[in-house]
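A structural walkthrough
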Amino acid sequence: MDAILSKGSLATLATVATVLQFLTGTCFMWLKYGVLTEESTVMLVNFIGSALFFSYTVVFFVFCVNKREVIRQMMLISCIILSATLYTMFESDVEKSIRIIGLLCCCLAVLFFASPLTMLAHVIRTQNTDSLPFPIIVASFFVCFLWTAYGVLIGDRFIQVPNLLGGILAGIQLTLYVIYPKQKASSSGGPRYSPLVSENPIL
């Protein structure tokens, strides 16, 4: 029963994490937001991010097994991006467009930053941080800090809020490394195994 629950839980977490991972396509939304607000820095970084996202998505699609699921998720993202683009094209009030697109970008960014939460319960239960990618978390912490500072500098709450939350989340994950430090490997350089003892020896 425990094995079934564990398998079901992992399947759910994997599904959620995959969907959130594909939501990295929010670079396209932030690019649109940068165009609306005429922020050259936001436009530049998200133009590069969009190009990288498209590239690794193509590579992932070529080598993945379940292409139908990937197509379904990409169609969902494409519909969101297309709907937002059409809205900004037909909305005459630019300030209203900025608020709507900014709010959408903020929500998607929070979902993306919250994706590691699926692993925190596992880390706390096992008291082991091996499943957390330390370099990525450190990078996320500093990137979020810099973008939060930039959002404060230009007075843009849509940039401040999601990056502040992302920085806090990254900080929480970093504290887990202090609470549950990684165990040192054995002196032999590999796992230890107990000798196999047969209950019915041949000789």
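A brief structural summary. In every chain, residue numbers begin from 1 and rise along the written sequence. Owing to the predicted nature of the model, reporting of local features is limited to residues with pLDDT of at least 70; listing and counting of side-chain atom pairs is limited to 80 or more, with chain, interface and lining totals taken over all residues. Note that the side-chain values use all heavy atoms of the structure and ignore hydrogens as well as water.

Describing the packing of helix α2 (residues 26-37) against helix α3 (residues 40-63)
As a reminder, the rule being used: Here an axis means a line fitted to C-alpha atoms, over the contact stretch when the element is a helix, while the angle between two N-to-C directions is reported on a 0 to 180 degree scale. In this text, helices come from DSSP runs of H or I with a minimum length of four residues, and strands from runs of E with a minimum of two, each type numbered from the N-terminal end. Angles are sorted into four bins: roughly parallel if under 35 degrees, roughly antiparallel if over 145, roughly perpendicular if 65 to 115, and oblique for all others. The crossing is said to be left-handed when, going from far helix to near helix, the turn is anticlockwise and less than a right angle, and right-handed when the turn is clockwise. The contact definition used throughout considers only heavy atoms, calling two residues in contact when any of these lie within 4.5 Å. Note that Gly is not counted as nonpolar here; it falls among the polar residues with everything else outside the nonpolar set of Ala, Val, Leu, Ile, Met, Phe, Trp, Tyr, Cys and Pro and the charged set of Asp, Glu, Lys and Arg.
Two numbers describe how α2 lies on α3: the axes approach to 8 Å, and their chain directions differ by 155°. Here α3 runs roughly antiparallel to α2, going by the angle between their axes. The element α2 and its partner α3 pack so that their crossing is left-handed. Contacts from Cys-27, Phe-28, Trp-30, Leu-31, Gly-34 and Val-35 of α2 reach α3 at Val-42, Met-43, Asn-46, Phe-47, Gly-49, Ser-50 and Phe-53. Among the residues making up the contact of α2 with α3, the classes are represented as 9 nonpolar, 4 polar and no charged.

Observations concerning a nonpolar patch on the surface
Our working definition: Here the term patch refers to residues with relative accessible area over 30% and no salt bridge, with like charges joined within 9 Å and nonpolar side chains (Val, Leu, Ile, Met, Phe, Trp, Tyr) within 5 Å. Accessible surface area values rest on a Shrake-Rupley calculation with a 1.4 Å probe, where residue burial reflects the displayed protein chains alone. The salt bridge criterion pairs a side-chain nitrogen of Lys or Arg with a carboxyl oxygen of Asp or Glu, the two atoms within 4 Å.
On the surface, a nonpolar cluster with roughly 800 Å² of combined accessible area is contributed by Phe-54, Val-58, Val-59, Phe-61, Val-62, Phe-63, Ile-71 and Met-75. For the nonpolar patch, the secondary structure elements donating two or more residues are α3 and α4 (67-90). It is α3 that provides the largest number of residues to the nonpolar patch, a total of 6 residues. Summarising the element assignment, Val-62 is placed in helix α3.

Quick notes on the nonpolar core
As a reminder, the rule being used: Here, the term nonpolar core denotes a set of buried Ala, Val, Leu, Ile, Met, Phe, Trp, Tyr and Cys residues that are joined through side-chain atoms within 4.5 Å. Each residue gets one of three labels from its accessible area relative to the maximum for its type: buried under 20%, exposed over 50%, partly exposed in between, using a 1.4 Å probe on protein chains only. Those domain boundaries reflect an automatic or database domain assignment.
Met-29, Trp-30, Tyr-33, Met-74, Ile-101, Cys-105 and Ile-159 are the most contacted members of the largest nonpolar core, which totals 19 residues. Broken down by secondary-structure element, the contributors of at least two residues to this core are α2, α3, α4 and α5 (94-114). Two domains each provide a minimum of three residues to this core, namely domain 1 (11-90) and domain 2 (102-181). Dropping the residues within four chain positions of it, Trp-30 is found in contact with Val-42, Asn-46, Cys-105, Cys-106, Ala-109, Phe-158, Ile-159 and Pro-162. Judged by nonpolar contacts, the second largest core, of 9 residues, contains Val-123, Ile-137, Leu-169 and Tyr-177.

Description of the packing of α4 against α5
Two measures define how a pair of helices packs: the angle their axes make with one another and the distance between the axes. For the pair α4 and α5, the least separation of the axes is 10 Å and the interaxial angle reads 165°. Here α5 runs roughly antiparallel to α4, going by the angle between their axes. Two packed elements cross with a definite hand, and for α4 against α5 that hand is left-handed. Note on element contacts: α5 touches α4 through Lys-96, Ser-97, Ile-100, Ile-101 and Leu-104, opposite Ile-80, Ala-84, Tyr-87 and Thr-88.

Quick word on unusual backbone geometry
Of note, Glu-38 is a non-glycine position whose phi angle comes to about 60°, a positive value. Position of Glu-38 among the secondary structure elements: in the loop between α2 and α3. Positive phi values are uncommon outside glycine, yet Gln-127 reaches one of about 55°. Examined against the element boundaries, Gln-127 turns out to sit in the loop between α6 (117-126) and α7 (134-154).

A word on the pattern of salt bridges
Tallying each qualifying case throughout the model produces 1 salt bridge. The salt bridge partner of Glu-69 is Arg-72, with a shortest N-O separation of 2.5 Å. Placement of both Glu-69 and Arg-72 in helix α4 is noted, with a separation of 3 residues, approximately one turn of the helix. Overall, Arg-72 belongs to the partly exposed group, its relative accessible area being 47%.

Looking at the packing of aromatic side chains
The test is simple: The criterion for an aromatic pair is that two Phe, Tyr or Trp rings (for Trp, the six-membered ring) have centres within 6.5 Å, with stacked assigned to planes under 30 degrees apart, edge-to-face to planes over 60 apart and tilted to the rest. Here, over-ring charges are defined by two tests on the NZ atom of lysine or the CZ atom of arginine: distance to the ring centre within 6 Å, and angle to the ring normal within 35 degrees.
Here the structure, examined in full by the defined rule, presents 5 aromatic pairs. Seen in terms of ring centroids, Phe-134 and Tyr-177 are 4.9 Å apart; in terms of plane orientation they differ by 75°. Their pairing is edge-to-face. Placement of the pair is Phe-134 in helix α7 and Tyr-177 in helix α8 (residues 157-179), with a sequence separation of 43 residues. Exposure remark for Phe-134: the relative accessible area of 40% places this residue in the partly exposed category. Note on Phe-141 and Phe-142: the rings are 5.5 Å apart at their centroids and 85° apart in plane angle, and the pair reads as edge-to-face. Joined through ring pairs, the aromatic side chains of Trp-30, Tyr-33 and Phe-158 make up one cluster. When the ring centre of Phe-61 is taken as reference, the NZ or CZ atom of Lys-67 above it lies at 5.6 Å.

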